Amino acid sequence: PSRRASTTRSSISTRTASSSGLPWSAPRGSRRRSSPSPSGTAGPATAIDAVRAQRAAFNEAIAAKDIVAVVATMHENIVLVTGTTNETFSGRAALRSLWQGNFETPGRAVFVRTTDCVRVSDVFPVALESGQWRGVREGRADASGAKSFAVGVYAAKWRRVDGTWLLETEIF
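Predicted, not measured: the structure shown is a model, and the values here were computed from it.

Undergrad: Describe in detail the layout of surface pockets, supporting the description with residues and values.
TA: In this structure, the largest pocket encloses a volume near 370 Å³. Together, 18 residues line the largest pocket, and Thr82, Leu98, Ala109, Phe111 and Phe172 are the ones closest to its centre. At the level of elements, α3 (92-103), β4 (109-120) and β5 (126-137) are the ones that each hand at least two residues to the lining of the largest pocket. In the lining of the largest pocket, the residues fall into ten nonpolar, five polar and three charged.

Undergrad: Lay out the confidence of the model for the protein chain in plain terms, naming residues and giving numbers.
TA: Taken over all residues, the pLDDT of the protein chain has a mean of 77, while the share at 70 or more is 70%. Within the model, pLDDT remains below 50 along residues 1-42, and this stretch shows 76 contacts once partners closer than five positions in the same chain are excluded.

Undergrad: Please provide a residue-by-residue account of the pairing of strand β6 (residues 150-161), values included.
TA: Pairing geometry for β5 and β6, over ten bridges, is antiparallel. In the sheet register, Arg134 faces β6, and the bridge partner there is Val151. Pairing of β6 with strand β7 (residues 164-171), which is carried by seven bridges, proceeds in the antiparallel orientation. Its bridge partner being in β7, Ala156 is matched across the sheet by Glu170. From the end of β6 to the start of β7, which pair antiparallel, there are two residues, and Asp162 there has a positive phi angle of about 50 degrees.

Undergrad: Mind laying out the pairing of strand β2 (residues 74-81), listing which residues take part and the relevant values?
TA: Note that β2 and β7 share four bridges and pair parallel. Among the inter-strand pairings, Val81 is bridged to a residue of β7, identified as Ile171. Note: β2 against strand β3 (residues 88-90), three bridges, orientation antiparallel. Looking across to β3, one finds that Val81 is bridged to Thr88. Between β2 and β3, which pair antiparallel in sequence order, lie six residues; one of them, Asn86, sits at a positive phi of approximately 60 degrees.

Each value, and the rule that gives it
- Residues numbered from 1 in each chain as written.
- Predicted model: local features only at pLDDT ≥ 70, side-chain atom pairs only at ≥ 80, totals over all residues.
- Heavy atoms only, no water.
- 1 Å grid on protein atoms, 1.4 Å probe; cavity = no way out; pocket = protein on both sides within 12 Å on 5 of 7 lines; lining within 4 Å.
- Points joined across faces, edges and corners; volume = space filled by probe spheres on them.
- Helix = DSSP H or I, 4+ residues; strand = E, 2+ residues; numbered from the N terminus.
- Nonpolar A, V, L, I, M, F, W, Y, C, P; charged D, E, K, R; others polar.
- pLDDT = per-residue confidence, 0-100.
- Contact = heavy atoms within 4.5 Å.
- Pairing = 2+ DSSP bridges.

What follows is the structure in structure tokens.
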């Protein structure tokens, strides 16, 4: 018997239940076998790994002040909403400018996001990521993140475009 829910009952795969109770959730540390999704593309495990790899590339690019690599992880219509001031930045050009300014600031803030969970839709080419973030002043802490000046939680939406997962929305 098929373990996938019919499209008349649900459009969410029921291949694996997670600790959150959502059938399509993959918390940090979990591994699932990749299996075909309704669209015939690689299943959630492959997508989850790809989103996590993009997040790692984003973090590495920020640490290295590599604006080209930061922008390469972004959807053209990216939206960022900051947590403290609730400022909104829209579009790749606005985020490029924001990060470039950060990279040029002495003692700049280096932000790291650590993924806790990635949930991939079986219907649309989107994934929801949530996790913890922290900010460390450049030159004031080692790579382990000692002496964070700010911490919190974040949520991000990724969209698969031409086979690549791009950061579309982020709020922290």
